[in-house]
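Given next are the chains, with one letter for each unit.
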Amino acid sequence: MTIRLLLADDHPVVRAGLRAVLDTEPDFEVVAEAATAEGAVDRAAAGGVDVVLMDLQFGAGMHGSEATAAITSRTGGPRVLVLTTYDTDADILAAVEAGASGYLLKDAPPEELAAAVRTAAAGQSALAPAVAHRLMDRMRTPAEALTKRELEVLQLVGEGLSNLQISKALFLSQATVKSHLVHIFAKLGVDSRTAAVAAARERRLIRR
């Protein structure tokens, strides 16, 4: 049975490289490419795709996790395998909660990528070992792990946004943002926004 693939990445060179690798597999067929997350959603909705290889960052516009949620919310839609350079807790949690069947890093060897595609196509979970390890660590110490919302708040703090700007971006009250920051500081053992961002980046909780 042929597994039909959609490559969603905003870099033409990356898509060409993926196509070259995937075309060597006898049971794979790359049927379409998308340079934007919106384009990936539209093409997936058109049908004829079994697995979408989804990047997370597309520059301006929809994020890869948003596209993943849009694709997986459709009954009978294709599976989504996230293929990215980011291995932070914030990115992993967002993708998993969006319904991704797998999460793989772009430096994965070709045989690991091919195995992940087949696993995702079969409706099973395909996680890179490093990603699975991070999720297991979160499960072992749930009281210390930052929630998805706390990670979102901290990522925006790291990008230099004020509490007011964060409240508008996430549709929260400023009081709620402050409450999240109090919990973040306690979990990370810090007492300032700068220290929280530094600690989170060191632990690969958020992007640098």
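The structure contained in this document is the topic of the report that follows. Just so you know, these numbers come straight off a predicted model, no measurement behind them. (Residues numbered from 1 in each chain as written. Predicted model: local features only at pLDDT ≥ 70, side-chain atom pairs only at ≥ 80, totals over all residues. Heavy atoms only, no water.)

1. Here's the deal with the overall build of the protein chain
Within the protein chain one finds 10 helices and 6 strands. Computed over the C-alpha atoms, the radius of gyration of the protein chain is 18 Å, within 12% of the 17 Å expected from 2.2 N^0.38 for a compact globule of 208 residues. In terms of overall dimensions, the protein chain has C-alpha extents of about 55 × 30 × 30 Å along its principal axes. Within the protein chain, the fraction of its 208 residues that count as buried is 44%. Contacts in the protein chain between residues far apart in sequence, at least 24 positions, make up 61% of those at least 6 positions apart. About 10,200 Å² of surface is accessible on the protein chain, with carbon and sulfur atoms providing 55% of the total. (Helix = DSSP H or I, 4+ residues; strand = E, 2+ residues; numbered from the N terminus. Rg over C-alpha atoms; globule rule 2.2 N^0.38 Å. Buried < 20%, exposed > 50% of the residue type's maximum accessible area, 1.4 Å probe, protein only. Contact = heavy atoms within 4.5 Å. Areas by Shrake-Rupley, 256 points an atom, 1.4 Å probe, with all protein chains shown as cover.)

2. Re the nonpolar core
Among the nonpolar cores identified, the biggest contains 49 residues, and Leu5, Leu22, Leu53, Leu113, Leu154, Ile184 and Leu188 are the most heavily contacted of them. With 15 residues, the next largest nonpolar core counts Ala32, Ala34, Val41 and Ile71 among its residues. (Core = buried A, V, L, I, M, F, W, Y, C linked by side-chain atoms within 4.5 Å.)

3. A short note on the sheet that holds strand E4 (residues 79-84)
Note: strands within a sheet are paired through backbone hydrogen bonds, in either parallel or antiparallel orientation. As summarised here, the arrangement of the 6 strands in space is E2-E1-E3-E4-E5-E6, forming an open sheet in which the pairing is parallel. Here the strands that pair on one side only, and so sit at the sheet edges, are strand E2 (28-34) and strand E6 (126-127). Both strand E1 (residues 3-8) and E2 contribute to a ladder of 6 bridges, which runs parallel. By the bridge assignment, Leu6 is partnered in E2 with Ala32. (Pairing = 2+ DSSP bridges.)

4. Observations concerning the pattern of salt bridges
Summed over the entire model, instances satisfying the criterion amount to 15 salt bridges. Between Arg207 and Asp91 there is a salt bridge, with the nearest N and O atoms lying 2.8 Å from each other. In this pair, Arg207 is assigned in the segment after helix H10 (193-202) and Asp91 in helix H4 (residues 89-97), connecting sequence segments 116 residues apart. Neither Arg207 nor Asp91 differs from the other in exposure class; each is buried. With a shortest N-O distance of 2.9 Å, Lys187 and Glu150 are connected by a salt bridge. (Salt bridge = Lys/Arg side-chain N within 4 Å of Asp/Glu carboxyl O.)

5. Describing the environment of Ile71
Among the structural elements, Ile71 can be located in helix H3 (residues 64-72). For the pair Ile71 and Ala40, spaced 31 residues apart in sequence, the C-alpha separation works out to 8.4 Å.

6. As for the environment of Ala69
Mapped onto the elements of the fold, Ala69 is located in helix H3. C-alpha separation for the pair Ala69 and Leu81, spaced 12 residues apart in sequence, amounts to 12 Å.

7. A closer look at the layout of surface pockets
Looking at the largest pocket, its volume works out to about 700 Å³. Along its surface, the largest pocket is lined by 26 residues, and His63, Ala94, Glu152, Gln155 and Leu170 are the ones closest to its centre. Of all the elements in the fold, those that place two or more residues in the lining of the largest pocket are H3, H4, helix H7 (148-158) and helix H8 (163-170). Looking at the lining of the largest pocket, the element that brings in the most residues is H7, giving 7 residues. Grouping the amino acids of the lining of the largest pocket by side-chain chemistry returns 9 nonpolar, 7 polar and 10 charged. Its boundaries defined by the atoms lining it, the second largest pocket holds a volume of some 260 Å³. (1 Å grid on protein atoms, 1.4 Å probe; cavity = no way out; pocket = protein on both sides within 12 Å on 5 of 7 lines; lining within 4 Å. Points joined across faces, edges and corners; volume = space filled by probe spheres on them. Nonpolar A, V, L, I, M, F, W, Y, C, P; charged D, E, K, R; others polar.)

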